[in-house]
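If you want the building blocks of each chain, they are given just below.
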Amino acid sequence: MSDQPAATRRRPDATRPDATRPDTTRWDIQGLRAFAVLAVVLYHLWPNRLPGGFVGVDVFFVISGFLITGHLLREQTATGRIALGRFWSRRAKRLLPGAFLTLLATGAAVLVLVPSTLWGQYGRELIASTIYVQNWQLASDSVDYLASDNQPSPFQHFWSLSVEEQFYIALPILLVLLALALRRTRWHAPVRTARVLLGAVVVVSLVWCVVETRTAPGIAYFSTATRAWEFALGGLASTVTLAAPRTQVARLVRTGGSWLGVALLLTSLVVITPATAFPGIAALLPVAGATLVVLLGARSGLDVLGRFAPVAFLGRISYAVYLWHWPAVVLLPIATGHPLGTRSKVAILVASLVIAAVTTLFVEEPLRFSTWVRALRPRRVALYGALSTVLVVALGASTLGALQVQQVQAAAFQKSLETGDVDCFGAAARIGSAHPCVNPKLADVRVPTPAAAGKDDVNSYACWSNTTADFNVCSLGPKTGYTKHIAAIGDSHNNALLSAYAAIAKQRNWRIDVAGHVGCYLTTAEQQAPSQAYTDSCDGWKRSALTWIRQHPGLDALVVTHATTKSPVIVPEGSTNEDTVVRGLVGAWSAATEAGVPVIAIRDNPVARDDVLTCLGKMSGPTTDACDSPRADALSSFDGSAEAAATLGDRARTIDLTDSYCTATTCPAVIGGVVVHRDPTHLTATFATTLAPYLGADIAKALGSFGA
């Protein structure tokens, strides 16, 4: 993504060979770079038309492995050493000007265009991108349930550049260390040393890639460890020296092999989709194709295609195209308030090419080829690079600082509302009743702030299992002397009510034991899961939950709830989704009723629009209905609790709090001055707390019916 073929590092136009010396440009690689960046950009703009376009990143990894390894080995063979400082300073001169320019421009656009709700996420990712650890930031977010609904950020594409930078740091160091370790053996020759290292990396990393894709796909996609084999395979190709073909057969083999690589690449664009377990074994298709091209493409028919001026120029500016296109894809819909249409997508494509050309011709290349920059010593390059990094990181820190000030001020205001006697606050507005409560003083109140709402969650790992089968239970209310003992068990929508359960336990002198698991609830139906490891942890947790219930037959009730939009059940052939959901709930709840524990099922809360917090972040003055959701959409998913409770008869009851969330037609984003959702499906802890009087009364009523 960032390395030009050797001959294109000269100042003359890379689209025209220098007549004063032999043309050693790898035009086939230049064409491959054009293919890769075009595939990525078209995928980001029209994902349904080019479902596998994201494999262009894998092609870049192979190219980088081939070019960088070849460069290092030529230096090591010629001089017996690798000048690490000089190598890294050349990388910095090549990569940092364009990257930092993009980061600064995008960061400034974020401050101007983006609601403060996204500043926290975007600020963190700006910093991570600047220090080239964005891939690990995204890998962390992929397993952080609180971050699972993060919006795509305009810095997200720096994950692949981060992986490349980590490769640029690790490879030369490993080559130097391995050369020292093998210097007294017959493997001491640089090429042999590289083959030992790269061959081991290919085997170990590919195996780990397959395993990690199966067990932790979010981490596998972004991890350097699962991508290292792609660079290493390209590096291995650079250790193979092929003589110019002298016979017709040799020419046919080389041409056929290179075009086979092209065929594999084109096939990968179609057969690989976002639903494919990736990278995994599927990544072999584009990686093998790219490797065949870089190995066999020189002096083949691909040279002709790569020399074609538009293709050559696109390859030349491909790094800048990659840098600039993605921020526009993310920021334009935010700026306009509308999703991207065909015209805006075409505009982004054209603008990205124009800006990339300007950046390459008037920023990157003039700096890289200037006499002053070329004369800079590695230490001076490191100093300038560090100063530039501090400047960009400061921009990211400024967004986090401004956000923190807003949140502190809003938290103080929110606390005064919660502790004071405020009429109609939150669920007390009773918007679905015949006589809703209206407090004009709350007309322009929105707490927590949209920027802070995403973290308004009091869930604790003491009563939460994330990716393990551990059954963690936390107890709310008095340990002794309580009048009722209740268990509340379910997925994240159950634990989103934790603040309500805590208030109920305190107000009514009940003991409430709470246990939850991400995306997992009490059902005997098989739930869809992102990996087998996830399925195993969920199944183990459910077995432990049912065992725990049987061990506590003195419970006054088991309270259950589950998300209707997350981890849907797998419908067996010949059945329907509704029947499968109900049978699964009845099967699991029966274990409780058979143990003498009645069941109280809470209907799932309505969902909000995907951009609810972003929408609220743009709002100023009195709250309007601009961010609300139609009731029919918010409650469109089948819950099944009422049907399952009816099947169990007198030992099960259902609680429906929909009137606390919705009117007859609408489910507002803000109710009684309180932001309802912290993401499209989960309640804020603040709103859940305001539900406590009504949820507690409904549970008490259900308990009374069991007693009768």
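Residues numbered from 1 in each chain as written. Predicted model: local features only at pLDDT ≥ 70, side-chain atom pairs only at ≥ 80, totals over all residues. Heavy atoms only, no water.

So what's going on with the overall build of the protein? Which residues, and what values?
For the protein, the count of helices and strands is 28 helices and 11 strands. A total of 708 residues make up the protein; the buried ones form 53% of that total. Contacts in the protein between residues far apart in sequence, at least 24 positions, make up 79% of those at least 6 positions apart. When the accessible surface of the protein is summed, it comes to about 29,900 Å², and 61% of that surface belongs to carbon and sulfur atoms. (Helix = DSSP H or I, 4+ residues; strand = E, 2+ residues; numbered from the N terminus. Buried < 20%, exposed > 50% of the residue type's maximum accessible area, 1.4 Å probe, protein only. Contact = heavy atoms within 4.5 Å. Areas by Shrake-Rupley, 256 points an atom, 1.4 Å probe, with all protein chains shown as cover.)

For the side chain of Ser629, give the residues involved together with the corresponding values.
Note that Ser629 resides in strand β7 (residues 629–630). Ignoring anything within four residues of it in the chain, the contact list for Ser629 reads Val607, Ala608, Arg609, Ala634, Thr666 and Cys667.

Summarise the pairing of strand β3 (residues 484–490); cite the residues concerned and give the values.
Among the 7 residues of β3, 6 are classified as buried, and the element is accordingly described as predominantly covered. In this sheet, strand β4 (residues 510–517) lies alongside β3 in parallel orientation, the contact comprising 7 bridges. Bridged to Ala487 within β4 is Asp513. For β3 and strand β5 (residues 557–561), the ladder comprises 5 bridges, and the chain directions are parallel. (Pairing = 2+ DSSP bridges.)

Which residues make up helix α25 (residues 641–648), and what values go with them?
Buried residues of α25: Ser641, Ala644, Ala645 and Leu648, and no others. The buried residues of α25 all sit within an arc of 100° when viewed along its axis, so they share a single face. Away from its buried face by more than 90 degrees, α25 exposes Ala646 and Thr647. Where the residues of α25 are buried, they touch α22 (577–594), β6 (599–602) and β8 (652–655). After α25 finishes, the residue Gly649 shows a positive phi value of roughly 80°. (Arc of directions from axis to C-beta.)

Pulling in residues and values, what's your account of the pattern of salt bridges?
By the definition in use, this model includes 10 salt bridges. The partner of Asp513 in a salt bridge is Arg511, and the shortest N-O contact between them spans 3.1 Å. With a closest N to O distance of 2.6 Å, Arg609 and Asp611 form a salt bridge. What makes Arg609 partly exposed here is its relative accessible area of 29%. Look at Asp611 and you get partly exposed, because its relative accessible area is 29%. (Salt bridge = Lys/Arg side-chain N within 4 Å of Asp/Glu carboxyl O.)

Give a detailed account of the packing of aromatic side chains, specifying residues and quantitative values.
In this structure the tally under the stated criterion is 14 aromatic pairs. Measuring from centroid to centroid gives 6.5 Å for Phe60 and Tyr322, while their planes differ by 70°, and the two rings are edge-to-face. In this pair, Phe60 sits in helix α2 (residues 56–79) while Tyr322 sits in helix α14 (residues 318–336), placing the two residues 262 residues apart along the sequence. Across this residue pair, the class does not change: Phe60 and Tyr322 are buried. Ring centres of Tyr661 and Phe687 lie 5.9 Å apart, and the angle between their planes is 35°; on these two criteria the pair is classed as tilted. Pair noted here: Tyr661 is in helix α26 (residues 658–661) and Phe687 is in helix α27 (residues 685–690), with a separation of 26 residues, a long-range link. Comparing Tyr661 with Phe687 shows no difference in burial state: the two are buried. By the ring-pair criterion, three or more aromatic residues cluster together here, those being Tyr43, Phe54, Phe61, Trp159, Phe167, Tyr168, Tyr221, Phe222, Phe231 and Phe278. Of note, Arg227 hangs over the ring of Tyr221, and the distance from its end group to the ring centre comes to 4.7 Å. Lying across the ring of Tyr694, Arg430 places its NZ or CZ 4.2 Å from the centre. (Phe/Tyr/Trp six-rings, centres within 6.5 Å; stacked < 30°, edge-to-face > 60°. Lys NZ or Arg CZ within 6 Å of the ring centre and 35° of its normal.)

Pulling in residues and values, what's your account of the packing of helix α3 (residues 84–113) against helix α4 (residues 119–130)?
Direction vectors running N to C along α3 and α4 enclose 170°, while the axes themselves pass 11 Å from each other. Relative to α4, α3 is oriented roughly antiparallel. Contact residues: Phe100, Leu103, Gly107, Val110 and Leu111 in α3; Trp119, Tyr122, Leu126, Ser129 and Thr130 in α4. For the contact of α3 with α4, a count of residues per class yields 7 nonpolar, 3 polar and no charged. (Axes fitted to C-alpha atoms, helices over the stretch in contact; angles between N-to-C directions. Parallel < 35°, antiparallel > 145°, perpendicular 65-115°, else oblique. Nonpolar A, V, L, I, M, F, W, Y, C, P; charged D, E, K, R; others polar.)

Could you give an account of the packing of helix α9 (residues 224–238) against helix α11 (residues 284–296), naming the residues involved and the relevant values?
A packed helix pair is summarised by two numbers, namely the angle formed by the two axes and the spacing between the axes. Running from N to C, α9 and α11 point in directions that differ by 20°, and their axes come no closer than 9 Å. Between α9 and α11, the angle falls in the class roughly parallel. Considering how the two elements wind past one another, α9 and α11 form a crossing that is right-handed. The segment α9 lies against α11, with Trp229, Glu230, Leu233 and Ala237 engaging Leu284, Val287, Thr291, Val294 and Leu295. (Left-handed = near helix turned anticlockwise from the far one by under 90°.)

Quick rundown of helix α10 (residues 248–271)? Include the residues and the values.
Taking 1.5 Å of rise per residue, the 24 residues of α10 would be expected to cover 34 Å, and the 34 Å separating its terminal C-alpha atoms lies within 8% of that figure. Residues of α10 that are buried: Arg254, Gly257, Ser258, Gly261, Val262, Leu265, Ser268 and Leu269. Buried residues in α10 make contact with α1 (27–45), α2, α11 and α12 (301–307). (Expected span 1.5 Å × (residues − 1).)

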